[in-house]
Amino acid sequence: GFVRPLEICSMDFLNATVNAKSGKAKLSLAGVHQAQNASVACEVMRYLEIDETSILNALSNAVNRARLEKISDKTYFDGAHNPAGVKALVESINSANPKGKLIFAIGFMADKDIAACLDELKNLKNKNFEIYTATVFSNPRAEKSENLASLAEKKGFEAKSFLNISEAVAEAEKDADTVFAFGSLYMYKELLAEGKYENR
């Protein structure tokens, strides 16, 4: 159609390297959907007659916090808090297909469709994973950690309940090869407030 997709020449875990006429660029934003988004952005910039070197520079340096953001050597944070967001996260993880044990550290607001979000995890290629749950203390609408763990177990997943997201991620990093913390953006703020995690 209208958008000429960028040619993905390699994937380094969750970041794509793309080809263009004037060179290559490693997308700074992680996730397979970001290559699609980059294609749309490129078409707009080409329409505006922005030179391709500037386009590649923009692709390499764009920032979108809390969207498959690497916050430590083995941990990524994603603000997926609805079924569509978790589906996109699962598609990106499947594309990268990380080996070893995965742990998902999750926290949600009680009014979200948590059951449908958990159902999306059934589509993961890597079935070697557990779920660590946390209560998001900075918002009174948060679902309690023990309720999240109980719901995950009812869905057939192994789950453990933790007091807060910092504790859940710290334990997950001891037990897993790769950790994906996802859910409420309030949880993201709690993690970063501790000072241990940062954008990488």
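Our subject is the structure listed above.
Note on numbering: residues in each chain are counted from 1, in written sequence order. For this predicted model, a pLDDT threshold of at least 70 governs which residues receive local features, and a threshold of 80 or more governs which side-chain atom pairs are given and counted, while totals over whole chains, interfaces and linings are taken from all residues. To obtain the side-chain values, all non-hydrogen atoms of the structure were used and water was disregarded.

Student: Can you walk me through the side chain of E120 in this structure?
Tutor: Its place among the elements puts E120 in helix α4 (residues 114-120). Within the buried core, E120 has no salt-bridge partner, and the shortest N-O distance to an opposite charge, that of K87, equals 5.9 Å. Among residues more than four places away in sequence, those in contact with E120 are P83, V86, K87 and V90. Labels follow the DSSP assignment, with helices taken as runs of H or I lasting at least four residues and strands as runs of E lasting at least two, numbered in each case from the N terminus. The buried label goes to any residue with under 20% of its type's maximum accessible area, the exposed label to any with over 50%, and the partly exposed label to all in between, with areas taken from a 1.4 Å probe on protein chains only. Residues scored as positive are Lys and Arg, those scored as negative are Asp and Glu, and His as well as the terminal groups of each chain are ignored. Within this document, salt bridges are pairs made up of a side-chain nitrogen of Lys or Arg and a carboxyl oxygen of Asp or Glu, the two lying within 4 Å of each other. A contact between two residues is defined here by any heavy atoms of the two lying within 4.5 Å.

Student: Hey, could you run me through the environment of A115 in this one?
Tutor: When you line up the elements, A115 lands in helix α4. Separated by 36 residues in the primary sequence, A115 and L151 place their C-alpha atoms 7.2 Å from one another. If we ignore the near neighbours within four places in the chain, the residues touching A115 are L151 and K155.

Student: Looking at this structure, I do not really get unusual backbone geometry. What am I missing?
Tutor: Most of the time, phi is negative for any residue but glycine, and the peptide bond is trans. Backbone geometry places E49, a non-glycine residue, at a positive phi of 60°. Looking at the secondary structure, you find E49 in the loop between α1 (32-47) and α2 (52-61). Positive phi outside glycine occurs at N97, with the angle close to 50°. Mapping N97 onto the fold places it in the loop between α3 (83-96) and β6 (102-107).

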